[in-house]
Each structure stands twice: as structure tokens, then as C-alpha cells.
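Listed below are the residues making up each chain.
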Amino acid sequence: MNRRATPTTRSLPLPAPRRPALRAVALTLALPLLAAHAQARTPDLSAAATRTAAALNGVLRNCPASFDPIGTPGKQCVGAPGTTEQVRQTLTAALKADLYGVWRSRDDQRSVFNWLGTPGGFVYLRLQADPDGRAQTLIYLDLPPDGDPTPDSSAPASAPATPLPAPTLPAGTVQMGGVTLTPLDPPGAAQAARPAPTPPTPRVTLQAAEQTTPAATAPPTIPAPASSRSARSLAPVPFSRPLAVQSTRLNGPDVLAVQNRLIRLMRPARPGQGDGWFGPVTAEAVRAFQQASALPVTGRVDRATWDRLFAPDARTFNAP
């Protein structure tokens, strides 16, 4: 019996799936979406700074050179009038709906910080006295160092991981309560070698030679008319407000000018400069000057005390 041979069926090889190509296509499509998402979650620091400046009638400006080592390259700074506390209150009223909780401080309220909510995420917001003296208060805006704040923490880690630069006190610094005295010359330098101060730096208030007659033996000076006093005033800034000790310390170029002038008139003489904050030690020095100058002893710098303090013939006084 003949058997018919059954033809053998051969399976044709199927092409291997092109998986690497498919992955490349999917990745190409996903990258723009990921980039758009990342961009959407990056806060616009420039827009936040513009909004802050508008709320404060402030000025968009370059950040101080001392801030170069900290934060991100896109950080923004705003200069504003008013003390740190006044600026904080204004921003709270203007941006309250977008601020994250309460303001915080880690340096006894010399600076305060918060976070401002924006469509792209939170912006870190810090207020402090302007180290350059161009404005009373500097507002620093940057990305939060450790991401957005979380409601679980009463003092989130996003408070400055890299703190803002603090002033460096040179050798020979003397601390007098609320006033820091720093040498104007290197230790051991001769007093005669000190160059004469020139306006408009705060040290213009320090004249090279002053009256050295002890205040106890000097007769009271009869005040000159207001017009002649103003013409001869040695004040580097004009009188703008009375200065006195308050629960929220006053600070600014006028306080610094008063402190430097008081230091220059103190006997025995001591080199140095003030720190710009009006505290109890400054008020005590004002009282001693007022007593030596036959003024009402109040510890408060009113217009009469200001004019007498910055007169060329201002009396020296015994340091308290």
C-alpha cells in the first residue's frame, strides 16, 4: 500500500517586535509634557517681586553683593520704605490670601520670613533691614530651599537653609548694649593719620576736631535762629521724625547719624560707629548730651536736640 507523502508545513519567522523604537517614540512624546509640567510648577520670581514692589510702593533692585553666595541665580530683591515691622504689616494686608500662615523669625525679629503662594508654587519671602542702606527694608524673594512648606511643621525646614549674610564685626569691636562700636582705623593706628571724613557717608558726622571744653564748665549755648542752624548743620540726612525708644525699635540712616555724632562728642573720646538701632543705651547717651547742652532731658531726639547735636559748636559730654 503506497502512502502519499504529507508535505511538511514550515513556519515562517515573524519579524521581531521593534520595542526600542516604540520606547524612543513614547519618550519623545513624553518629554515636552514633562517639561511643560516642570515649567508650570516653577514659581515666577520676577512676577512675585513685581507684585510685592507694587504693594509697598517699593523699588525692584539688584540684590546686595553680599547675597551672591546664597540662594538661586534667579533670586529677586525689592527695596521699600518703612521699618521691617511696617513692611510686614503692609504685605499682610495686601497679600494675606496668598501668604502661608503666620510670619516667623529666628533672630529676635531682626528679620522675618513667610511664603507667598503663586500659580507655579511657593516663593520664599524674607524681610530685613537693608544692609546697603539704600532703603529702610530689603525684601528678598527666592525659591524655597527645601521645597514648598508643609502644614505639618510649625517651623518648616524651608526657612533659610543658607542663611542670609550677617555683618562681620572687625577686631577691636566694643558692644554697648544696643550699640556696636567698631574701630574706624586698624588697631594701633595713629589718630592723626585718620583721613578727614567727607559727605555723604555716615562718618561725615564725625569731625576731625571738636570742642574739648568739659561740658560741666561750659556755659549753655544760646540757640541760633532756625535758618542759620539749618545752613550750618553737619547732619548727613535731614530731620524727618522724632527718635525715641519704642517696643518696635526704630532704625535707619537718621538713627545711625545720631549715634555716630554722639560717639564723636563723648568724653573720654572713643572711636567707632553706631549700629542704626535706637535702643536704651542710645537714649541714655542722648540724655547726657541734653543735660550738657542745657536742653530738656528726655532721651528723645526732637528737632531742638537734633539741631543742637549737629551744630558745629555742639558740646562734648561725659559718656554714660
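Quick caveat, the model's predicted, so the values are computed rather than measured. (Residues numbered from 1 in each chain as written. Predicted model: local features only at pLDDT ≥ 70, side-chain atom pairs only at ≥ 80, totals over all residues. Heavy atoms only, no water.)

Colleague: I'd like a rundown of the overall build of the protein chain, residues and numbers included.
Modeller: When you go through the protein chain residue by residue, the secondary structure sums to 7 helices and 11 strands. Counting across all 320 residues of the protein chain, residues that qualify as buried make up 37%. Long-range contacts, defined as pairs at least 24 residues apart, comprise 60% of the intrachain contacts of the protein chain with a sequence gap of at least 6. With an accessible surface of roughly 18700 Å², the protein chain has 58% of that area assigned to carbon and sulfur atoms. (Helix = DSSP H or I, 4+ residues; strand = E, 2+ residues; numbered from the N terminus. Buried < 20%, exposed > 50% of the residue type's maximum accessible area, 1.4 Å probe, protein only. Contact = heavy atoms within 4.5 Å. Areas by Shrake-Rupley, 256 points an atom, 1.4 Å probe, with all protein chains shown as cover.)

Colleague: So, the sheet that holds strand β1 (residues 59-61): which residues are in play, and what are the values?
Modeller: With antiparallel pairing, 5 strands are arranged side by side in an open sheet as β1-β2-β5-β4-β3. Among the strands making up the open sheet, the edge pair consists of β1 and β3 (111-118). If you compare each strand with its neighbour and ignore which way they point, the axes differ by 25° on average. Two elements, β1 and strand β2 (residues 76-80), share 3 bridges in a ladder whose sense is antiparallel. When the bridges of β2 are listed, Arg61 appears paired with Cys77. Its contacts with the sheet put helix α3 (residues 84-95) on β2, β3, β4 (121-129) and β5 (137-142), and the angle it makes with β4 is roughly 155°. (Pairing = 2+ DSSP bridges. Axes fitted to C-alpha atoms, helices over the stretch in contact; angles between N-to-C directions.)

Colleague: Requested: an account of the pattern of salt bridges, with residues and values cited.
Modeller: Overall, the coordinates contain 9 salt bridges when judged by the stated rule. Between Glu85 and Arg88 there is a salt bridge, with the nearest N and O atoms lying 2.7 Å from each other. Within this pair, Glu85 and its partner Arg88 are both found in helix α3, separated by 3 residues, close to a single helical turn. Via salt bridges that share partners, Arg61, Asp130, Asp132 and Arg134 belong to a single interconnected network. (Salt bridge = Lys/Arg side-chain N within 4 Å of Asp/Glu carboxyl O.)

Colleague: A description of the nonpolar core should follow, citing residues and the corresponding values.
Modeller: Core analysis: the biggest nonpolar cluster contains 22 residues, and Val258, Leu262, Phe278, Phe289 and Phe317 have the highest contact counts within it. Of all elements in the fold, only α5 (253-265), α6 (280-292) and α7 (303-309) reach the threshold of two or more residues within this core. Considering each element in turn, this core owes the most residues, 6 residues, to α6. In this structure, Ala53, Ala80, Trp103 and Leu116 belong to the second largest nonpolar core, which totals 19 residues. (Core = buried A, V, L, I, M, F, W, Y, C linked by side-chain atoms within 4.5 Å.)

Colleague: An account of the state of the cysteines is needed here, citing residue identities and associated values.
Modeller: Enumeration according to the criterion identifies 1 disulfide in this entry. Bridging Cys63 to Cys77, the disulfide has an S-S length of 2.1 Å. Because the sign of the S-S torsion sets the handedness, a value of about 105° for the bond joining Cys63 and Cys77 places this disulfide among the right-handed ones. Of the two residues, Cys63 sits in the loop between β1 and β2 while Cys77 sits in strand β2, which places them 14 residues apart along the sequence. (Disulfide = S-S within 2.5 Å.)

Colleague: Lay out the side chain of Ser111 with the relevant residues and their values.
Modeller: Tracing the backbone through its elements, the reader meets Ser111 in strand β3. For Ser111, a relative accessible area of 3% corresponds to the buried category. A polar side-chain atom of Ser111 sits 2.6 Å from a polar atom in the side chain of Arg126. Each residue touching Ser111, except ones within four places of it in the same chain, is listed here: Arg104, Ser105, Arg126, Leu127 and Gln128. (Polar contact = N/O pair within 3.5 Å; in protein donor to acceptor, adjacent residues only side chain to side chain.)

Colleague: Could you give me a rundown of the packing of aromatic side chains, with the residues and numbers involved?
Modeller: Following the criterion strictly, the structure yields 9 aromatic pairs and no others. On the numbers, 6.0 Å between centres and 40° between planes, the contact of Phe113 with Tyr124 is tilted. Remark: Tyr124 occurs in strand β4 and Phe113 occurs in strand β3; sequence separation between them is 11 residues. The pair Phe113 / Tyr124 is uniform in exposure class, with both members buried. Measuring from ring centre to ring centre gives 4.7 Å for Trp306 and Phe310, while their planes differ by 50°; the resulting arrangement is tilted. Phe310 gets classed as buried once you look at its relative accessible area, which sits at 0%. Site record: aromatic cluster; members linked through ring pairs are Tyr100, Phe113, Trp115, Phe122 and Tyr124. (Phe/Tyr/Trp six-rings, centres within 6.5 Å; stacked < 30°, edge-to-face > 60°.)

Colleague: Could you give an account of the side chain of Ser293, naming the residues involved and the relevant values?
Modeller: With respect to the helices and strands, Ser293 occurs in the loop between α6 and α7. Looking at Ser293, the relative accessible area reads 3%, which means it is buried. Setting aside residues no more than four positions away along its own chain, Ser293 makes contact with Arg308 and Arg315.

Colleague: A description of helix α2 (residues 45-56) should follow, citing residues and the corresponding values.
Modeller: Residues spaced three or four apart along an α-helix face the same direction, because each turn holds 3.6 residues. The first and last C-alpha atoms of α2 sit 17 Å apart over 12 residues, in line with the 16 Å expected at 1.5 Å per residue. Residues of α2 that are buried include every one of Leu45, Ala48, Ala49, Thr52, Ala53 and Leu56, and no others. Viewed end-on, α2 has its buried residues packed into an arc of 135°, placing them on one side of the element. Check the buried side of α2 and you find it contacts β1, β2, α3, β3, β4 and β5. Its side-chain oxygen at 3.2 Å from the backbone nitrogen of Ser46, Asp44 defines the N-terminal cap of α2. Directly after α2, the chain includes Asn57, whose backbone phi takes a positive value near 55°. (Expected span 1.5 Å × (residues − 1). Arc of directions from axis to C-beta.)

Scope: geometric values only; no functional claims are made or implied.
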